[in-house]
Amino acid sequence: MSTYRDFTHRGSARATVLRTVGTRERRSHLTAPRVPTVGIDIGGTKVMAGVVDADGNILETLRTETPDKSKSPKVVEDTIVELVLDLSDRHDVHAVGIGAAGWVDADRSKVLFAPHLAWRDEPLRDAIASRLVVPVMVDNDANTAAWAEWRFGAGRGEDHLVMITLGTGIGGAILEDGHVKRGKYGVAGEFGHMQVVPGGHRCPCGNRGCWEQYSSGNALVREARELAAADSPVAHGIIERVKGNIPEITGPLITELAREGDAMCVELLQDIGQWLGVGIANLAAALDPSCFVIGGGVSAADDLLIGPARDAFKRHLTGRGYRPEARIAKAQLGPEAGMVGAADLARLVARRFRRTNRRRVERYERYAQFYDQAASTIRNTRSTRTDD
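About the thresholds
Residues numbered from 1 in each chain as written. Predicted model: local features only at pLDDT ≥ 70, side-chain atom pairs only at ≥ 80, totals over all residues. Heavy atoms only, no water. Helix = DSSP H or I, 4+ residues; strand = E, 2+ residues; numbered from the N terminus. Buried < 20%, exposed > 50% of the residue type's maximum accessible area, 1.4 Å probe, protein only. Core = buried A, V, L, I, M, F, W, Y, C linked by side-chain atoms within 4.5 Å. Contact = heavy atoms within 4.5 Å. Phe/Tyr/Trp six-rings, centres within 6.5 Å; stacked < 30°, edge-to-face > 60°. Pairing = 2+ DSSP bridges. Right-handed = clockwise from strand over helix to strand, strands pointing away. Expected span 1.5 Å × (residues − 1). Polar contact = N/O pair within 3.5 Å; in protein donor to acceptor, adjacent residues only side chain to side chain. Axes fitted to C-alpha atoms, helices over the stretch in contact; angles between N-to-C directions. Left-handed = near helix turned anticlockwise from the far one by under 90°. Nonpolar A, V, L, I, M, F, W, Y, C, P; charged D, E, K, R; others polar.

A. Looking closely at unusual backbone geometry. Positive phi, normally seen in glycine, also occurs at Asp-121, with a value near 55 degrees. Here Asp-121 is to be found in strand β7 (residues 120-122). Of note, Asp-288 is a non-glycine position whose phi angle comes to about 50 degrees, a positive value. The partly exposed category is assigned to Asp-288, whose relative accessible area is 49%.

Following this line, the structure appears as structure tokens:
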């Protein structure tokens, strides 16, 4: 892999910044260039980069831990640039898309806030683009994951899609007729912070009773650890598995034990699923989509989670029995969805970038032709005067 000295030198020589990015993708993926692009998925613990072709196939993937010094935005930017330059040594990269776990502004240029990184009003797009020769696109990671599922996964063929990502918290995205709905300020889709239990569990956002406090990876682990700490009889299976070390209880472990038939773990996933169904019913009342796609790490529990969610959705849906019900599907692209979606959205930017450059070249050629003609006229005029 390239060293910091290598990529800082190359990055300074590859400086092109894309200043203008269109705000709509409506069906434009059909005319996007079929060129490889790089997708970056940035989380609190890992940075994943991959080269993706026009059909959503991943050609190569690199992963690294999010730098320990992530309190400095520059350190994370260095990591991103190094990964891109490493991939570009083996692939003809035409654009870079970044899916960031945070709030991204409507222009997709700044990360307004990232809960796990020290990005506050950070001009990430321009900071990265100034060090690379290709255009750069930045978006929220749930938006990029939803775009990938709509293009290549569980949401193909859907005109109105809502994606819910269940991880540490709950993220989300809205797609309508091939357009990511970002809202006026770019932060639409923060479903996890809808209040579902007034005065309920305190959320890191500062409020109480947020949806993600009842239907997320954190909620699942919190409930299991509380039962284990109380030495509940129903928790003996998981206590024995972690040998009494309660902090070792994790979401994947709970899912594993549930698949093995552990009654407590099955019940906890059912609880999470029921709360998921309640939230989906609320979203259906507000947005009326044709499909909900459930992604994120917790969705690996499959029907242990999504089955109870479907049941709760049907029980709580407004107008149930007198209206069409949205389809609820598990995401198909797994943890690579955000990376694939970021790369595909970047391909649209590459199209606009190529068009802009082509127009610049055409203008330059017209100006050059004009100046050549003008210079020729001046030379002829001078020659005529000399002859006289």
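B. Spotlight on the nonpolar core. Residues Ile-164, Ile-238, Leu-276, Phe-292 and Phe-313 are the most contacted members of the largest nonpolar core, which totals 42 residues. Of all the elements in the fold, those that place two or more residues in this core are β9 (160-166), β10 (170-176), α5 (217-229), α6 (236-241), α7 (251-259), α8 (263-287), β12 (291-295) and α9 (303-316). Broken down by element, this core gets its largest block of residues, 10 residues, from α8. Setting aside chain neighbours within four positions, we find Ile-164 in contact with Ile-170, Gly-171, Gly-172, Phe-191, Trp-211, Leu-276, Ile-280, Leu-283, Phe-292, Val-293, Ile-294 and Gly-295. In terms of nonpolar packing, the next biggest core, distinct from the first, is built from 30 residues, Ile-42, Val-51, Val-76 and Leu-83 among them.

C. Quick look at the packing of aromatic side chains. One pass over the full model with this rule turns up 4 aromatic pairs. An angle of 55 degrees between the planes, with centres 5.0 Å apart, marks the rings of Trp-147 and Trp-150 as tilted. Taken together, the positions of Trp-147 and Trp-150, both in helix α4 (residues 141-152) and 3 residues apart, correspond to about one turn of that helix. Of the residues examined, Trp-147 reaches a relative accessible area of 0% and is grouped as buried.

D. Examining the pairing of strand β13 (residues 327-330) more closely. Alignment of β12 against β13, held across 4 bridges, turns out to be parallel. By the bridge assignment for β13, Phe-292 is matched with Ile-328. Handedness of the crossover is the feature at issue here: the chain leaves β12, passes through α9, returns alongside β13, and the resulting connection is right-handed.

E. Quick peek at the side chain of Gln-213. Tracing the chain through its elements places Gln-213 in the loop between β11 (179-180) and α5. The class of Gln-213 is buried, set by a relative accessible area of 8%. For Gln-213, the contacting residues outside a window of four places in its chain are His-201, Arg-202, Cys-203, Pro-204, Ala-219 and Arg-222.

F. Region of the structure containing α4. In a regular helix each residue adds 1.5 Å, so 12 residues correspond to 16 Å; α4 covers 16 Å between its end C-alpha atoms and thus fits that length. Counted residue by residue, α4 has 11 buried out of 12 residues, so it is predominantly covered. Listed as buried for α4 are Ala-142, Asn-143, Thr-144, Ala-145, Ala-146, Trp-147, Ala-148, Glu-149, Trp-150, Arg-151 and Phe-152. Put simply, Asn-140 is the residue that caps the front of α4, since its side-chain oxygen is 2.8 Å from the backbone nitrogen of Ala-142.

G. Broad picture of α5. Between its terminal C-alpha atoms α5 stretches 18 Å, which fits the 18 Å expected from 13 residues at 1.5 Å a residue. Here α5 has its buried residues at Gly-217, Ala-219, Leu-220, Val-221, Arg-222, Ala-224 and Ala-228. As for α5, its buried residues are in contact with α6, α7 and α8. One or two steps after α5, the chain reaches Asp-231, where phi turns positive at roughly 55 degrees.

H. Expanded view of the packing of α7 against α8. Running from N to C, α7 and α8 cross one another at 115 degrees; their axes reach a closest spacing of 7 Å. Handedness of the α7/α8 crossing: left-handed. Contact residues: Ile-254, Thr-255, Leu-257 and Ala-258 in α7; Cys-265, Val-266 and Leu-269 in α8. Class assignment of the residues belonging to the contact of α7 with α8 gives a composition of 6 nonpolar, 1 polar and no charged.

I. Layout of the sheet that holds strand β1 (residues 37-42). What the 5 strands build is an open sheet, ordered β3-β2-β1-β4-β8; its pairing is mixed. Every other strand in the sheet has two partners, leaving β3 (58-65) and β8 (136-140) as the edge strands with one partner each. Here the strands of the sheet are splayed against their neighbours by 15 degrees on average, with no regard to which way each runs. Examined bridge by bridge, β1 and strand β4 (residues 96-100) share 5 bridges and lie parallel to one another. Residue Asp-41 lies in a different strand from β4, and its bridge partner there is Gly-99.

J. Just the environment of Ala-219, in detail. Looking at the element boundaries, Ala-219 is found in helix α5. Distance in space between the C-alpha atoms of Ala-219 and Leu-268 is 9.4 Å, their sequence separation being 49 residues. If sequence neighbours within four positions are ignored, Ala-219 has contacts with Glu-212, Gln-213, Tyr-214 and Ile-272.

Without other data, these values stay purely geometric and don't point to any function.
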